[in-house]
Each structure stands twice: as C-alpha cells, then as structure tokens.
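Listed below, chain by chain, are the residues.
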Amino acid sequence: MKTIGIIGSGTVGKSLGEGFVKYNHSIMLGTRNTDKLSEWKNQLGENAQLGSVDETAKFGDILILATKGTAAKDVIKSLDKKDLMNKTIIDATNPISDVAPVDGVLKFFTEKDKSLMEELQDIVPEANFVKAFNTIGSALMVNPEFESQPTMFIAGNNTDAKSEVAEIVEQFGFEAEDMGTAKASNVIEQLCILWCIPGFRDNKWNHAFKLLKSK
C-alpha cells in the first residue's frame with residue numbers, strides 16, 4: 001500500500017484519488033475547502049482523507065500535482081521544500097493558457113523549448129518530478145476500456161521515480177512508455193493539445209494514445 005498526497009481537488013485529482021483507493025492505497029486530497037468534498041471523501045471510506053495543501057505535501061510518500069497549469073508553479077513555490085525532497089511527484093498538469101482554443105487547438109503559456117514540468121523541476125531540484133496522466137481525460141484515467149491497452153507516456157530525471165510511476169500507470173490499466181529525462185516532458189505536454197482537438201471540434205473525448213511496435 002502506498003501513501004499518496006494529491007494536490008488539487010478538481011476532476012483530475014478526484015479521479016486519481018478514486019483510483020488509488022480502489023487499489024487500497026491511502027490518500028489525502030489537498031484542498032482549500034475541505035467541507036465541499038466531505039461527501040466525496042465519505043464515499044471512498046477510511047483510506048481517504050482531506051487536508052490542506054501543506055498537510056497533503058507532508059502526508060504523501062508520493063505526491064500528485066493535479067492543479068491547473070496556471071497555478072502549478074505558485075503551488076510548488078508555496079510548499080516547504082523539506083516536504084518535497086526526494087519524493088516522487090507525478091505531474092499531471094498542462095500549461096494551458098486562458099486564451100480560447102482556435103480550431104480546437106489549445107494555446108500554451110510556456111516557451112516553445114521548455115516544459116512546465118522542467119520549470120517545476122528547476123524550482124525544487126531535490127524532488128523527482130515525473131510527467132504522467134496529462135494526455136488523457138479524467139474520466140479515462142483509471143482502467144479505461146479501449147479496443148487495446150492504451151499507452152501512457154512518462155518522463156523524468158530519476159530512474160527509480162519513473163519505475164514507481166510506471167507501476168502505478170500499469171495498475172491503472174495503461175502500458176507505461178518511458179520517454180527519457182525531463183526534457184521529453186515538453187513533447188508529452190504537447191500531446192495534450194493533440195488529444196483535445198477532437199473534443200473541442202467534435203465533442204469527442206473518449207480516446208487515448210497507443211504506441212504501436214513492429215514484431
């Protein structure tokens with residue numbers, strides 16, 4: 001059983017939280033208003049707790065960053081770095097700007113050659129950020145049913161952290177594909193734009209990426 005701190009109480013944080021509880025992991029969901037999520041917590045049972053963002057960062061042996069991309073850096077900067085040191089942090093965020101998409105294509109607020117996750121890693125070099133769960137909708141994050149097993153691309157600088165994340169990804173029904181260091185997270189974040197186009201253009205959100213390999 002893993003101890004998971006989830007920073008962010010939107011649909012992504014709640015969906016992943018439900019997945020971890022499903023597999024008997026212990027979670028704390030960090031939120032500014034615990035009252036609004038008390039019913040959700042009660043439905044999940046004794047393995048789910050609510051707390052402040054600071055409490056959640058202390059609680060989790062593994063942390064999930066599931067905030068809006070625009071808030072991610074400020075949230076990480078606000079935390080005590082001692083609570084993040086040497087921890088695996090699954091970065092599920094995307095640097096989506098507040099500008100409306102054009103022809104279904106989202107706008108990012110990051111520079112072309114540097115990802116949001118790289119910026120987060122620069123803020124806390126002692127933490128082990130791993131990109132994951134940013135190229136799939138929240139409703140499909142835990143054991144989605146597709147015609148074949150979908151791929152979850154991951155990236156990060158620490159090999160042990162990526163192995164830990166790959167285990168979670170595979171438990172949640174995906175094939176984990178390690179794309180390398182944090183530098184690759186820039187490309188993985190860009191896949192979010194591609195994933196969202198059918199949704200914005202045709203209201204089709206029930207799809208996933210699959211890496212095919214020749215025999």
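Now for a look at the structure at hand. Numbering of residues begins from 1 in every chain and follows the order in which that chain's sequence is written. It should be noted that, the model being predicted, local features are given only for residues of pLDDT at least 70 and side-chain atom pairs only at 80 or more, the latter also being counted only at that level, while totals for whole chains, interfaces and linings use all residues. Here the side-chain values reflect all heavy atoms present in the structure, with hydrogen atoms and water set aside.

Attention now moves to the sheet that holds strand E2 (residues 26-30). Here, strands pair whenever DSSP counts at least two bridges between them. Helix and strand labels come from DSSP, where a helix needs a run of H or I of at least four residues and a strand needs a run of E of at least two; each type is numbered from the N terminus. An order of E3-E2-E1-E4-E5-E6-E7-E8 is seen for the eight strands of this open sheet, with the pairing classed as mixed. One side of each edge strand has no neighbouring strand; the edge strands of this open sheet are strand E3 (48-51) and strand E8 (175-178). If you compare each strand with its neighbour and ignore which way they point, the axes differ by 25 degrees on average. Bridging between strand E7 (residues 151-156) and E8 involves four bridges; their strand directions are parallel. Across the sheet, the residue bridging to phenylalanine 153 is glutamate 177, located in E8. Orientation is described by lines fitted to C-alpha atoms, with helices fitted over the stretch in contact, and by angles between N-to-C directions that extend from 0 to 180 degrees.

One finds Phe20 and Phe133 to be the most contacted residues of the largest nonpolar core, which totals 45 residues. Among the elements of the structure, strand E1 (3-7), helix H1 (11-22), E2, E3, strand E4 (62-65), E7, helix H6 (159-171) and helix H7 (185-202) are those that each provide at least two residues to this core. Ranked by residue count, the leading element in this core is H7, at six residues. It only takes one pair of heavy atoms within 4.5 Å for two residues to be counted as in contact. If we ignore the near neighbours within four places in the chain, the residues touching phenylalanine 20 are Ile4, Ile6, His25, Ile27, Ile64, Ile168 and Phe172. Put simply, buried Ala, Val, Leu, Ile, Met, Phe, Trp, Tyr and Cys residues joined by side-chain atoms within 4.5 Å make one nonpolar core. Think of it in three bands: with a 1.4 Å probe and only protein chains considered, a residue is buried below 20% of the maximum accessible area for its type, exposed above 50%, and partly exposed in between. Residues Ala57, Leu84, Ile89 and Phe129 belong to the second largest nonpolar core, which totals 17 residues.

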